[in-house]
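# Coordinates in review
Single-letter residue listing:
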Amino acid sequence: MKQIALLAASLSVCAGAAVADPLHVVVTFPVLGDFVQRVGGDGVTVTSLVGAGADAHVYEPTPADAGVLARADLIVVNGLGFEGFIDRLIAASGSAAPVVVASEGVTLQEAGGHDDHDHHDHGDDAPDPHAFQSIDNALIYIDNITQALCGLDAENCDTYQARQGEAHAEFAALNVELHAALTKAGAQDHVLLVPHNAFAYFGAAYGLTFEAPQGLSTESEPSAADLAALLRALRDEGAAAAFPVSGASDRLVARLAAELSIPLGAPLYAENFSAADGHAADFIAMQRHNVGAIIAALQGE
Ligand SMILES: [Zn+2]
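Position numbers for residues start from 1 in each chain and track the written sequence from start to end. Local features in this predicted model are restricted to residues whose pLDDT is 70 or higher, and side-chain atom pairs enter the listing and the counts only when it is 80 or higher, whereas totals over whole chains, interfaces and linings include all residues. Just so you know, side-chain values use all the structure's heavy atoms and leave hydrogens and water out.

Keep in mind that water is not among the atoms, so a site may look incomplete; donors are the N, O and S atoms within 2.8 Å of the metal, or 3.2 Å for Na, K and Ca. Every protein donor of the zinc ion is listed here as H57 (NE2), H130 (NE2), H196 (NE2) and E271 (OE), and their distances to the metal cover 1.9 to 2.0 Å. Geometry assignment treats four donors as tetrahedral when all angles are between 85 and 135 degrees, treats four as square planar and six as octahedral when opposite donors are over 155 degrees apart and all others between 65 and 115, and treats everything else as irregular. Viewed at the metal, the 4 donor atoms of the zinc ion are separated by angles of 91 to 133°, and the geometry they form is tetrahedral. The motif formed by the donor residues of the zinc ion, counted along the single chain, is H-x72-H-x65-H-x74-E. Taken together, the residues H130 in the loop between strand 4 (99-101) and helix 5 (135-152) and E271 in the loop between helix 9 (251-260) and helix 10 (283-298) connect sequence positions 141 residues apart. No difference in accessibility class separates H130 from E271, as the two residues are buried. For helices the rule is a DSSP run of H or I covering at least 4 residues; for strands it is a run of E covering at least 2, with both sets numbered from the N terminus onward. Classification of residues uses two cut-offs on accessible area relative to the type maximum, computed with a 1.4 Å probe and protein chains only: under 20% is buried, over 50% is exposed, and between them is partly exposed.

This paragraph deals with helix 9. Within the sequence span of helix 9, burial applies to L252, V253, L256, A257 and L260. For helix 9, the arc enclosing every buried residue in end-on projection is 125°, short of the 170-degree limit, so these residues lie on one face. We call two residues in contact when some of their heavy atoms are within 4.5 Å. Of the surrounding secondary structure, the elements contacted by the buried residues of helix 9 are strand 5 (191-193), helix 8 (224-237) and strand 7 (241-242). Taken from the residues just after helix 9, S261 is the one with a positive phi, measuring 55°. The arc in question is formed by the directions pointing from the helix axis toward the C-beta atoms.

What follows concerns unusual backbone geometry. Positive phi is not limited to glycine here, since L80 has a value of about 60°. Within the fold, L80 resides in the loop between strand 3 (74-77) and helix 4 (86-93). Of note, D189 is a non-glycine position whose phi angle comes to about 65°, a positive value. Position of D189 relative to the elements: it lies in the loop between helix 6 (157-184) and strand 5. Residue classification places D189 among the exposed residues on the basis of a relative accessible area of 70%.

Taken in spatial order, the 3 strands line up as 6-5-7 in an open sheet, and their pairing is parallel. Each edge of the sheet is formed by a strand with only one pairing partner; in this case those strands are strand 6 (209-211) and strand 7. Note on pairing: DSSP must find at least two bridges between two strands before they are called paired. Bridge count between strand 5 and strand 7: 2 bridges; the pairing is parallel. Across the sheet, residue L192 finds its bridge partner in strand 7, namely A241. In this analysis an axis means a line fitted to C-alpha atoms, helices contributing only their contacting stretch, and an angle means the value between N-to-C directions, from 0 to 180 degrees. Running over the sheet, helix 8 touches strand 5 and strand 6 and is turned about 150° from strand 5.

By themselves, these observations are geometric and do not establish any function.
In structure tokens:
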């Protein structure tokens, strides 16, 4: 009797798998793709509009992108103004797919460590959109994505929720590991310089302050007065190290690091991944790489 029930159960699983095509999920950039793949597994195929290594801030959609969106079952975006191109592109595509704002529910964090300096006048009192840079927020993204997949595919919701649980366990362990590494290295409470404000959430999570000449996006160009004010603030604050970000110019931070005589570390990953065989090919590797690069620079390696 038990065997018959098992046989029936396995038959129905096979039948379900045979008829159900994977959901086609379109995301704006690879970090979201990692999260969707993690929860969706073989129940989804994921297409990222912005490729690995590209700059999501200045991305210019192609005509093919509208076609990709038109065929989507689900569209996942960061929100918080991160993808300036997306609303018009979705409208132009005629897509009727639901759009999930993955950052919904995060506690917003303003960029920069302080509000009093005049170099914060160039419009960056808006919240930092790079909310996925804290592991706690990344889990809110995972939860929103799980809910959306369950809404579209109730039959496999248990499987999605099981993977959501695995992600929570894995990310929580990563958080403990990175906190311990930074504490052991005495890396907390430092002021660090990056090109654009992509690390307000990461900094808040780990007790680091990030300053940036370019505000919230790689698009903006600081004025000479902004730069002079930033240099003064960095001297006052005792900035400890500077870092380029992968995929964007290191010209400004290299110049500021030279003027301040502070080390220029390895590039951090703000919103894109390395190539698949590189050292930051997914979210977990990216977080580990960024923490490792910060520790190495602060220890003068
Ligand atoms: Zn960015």
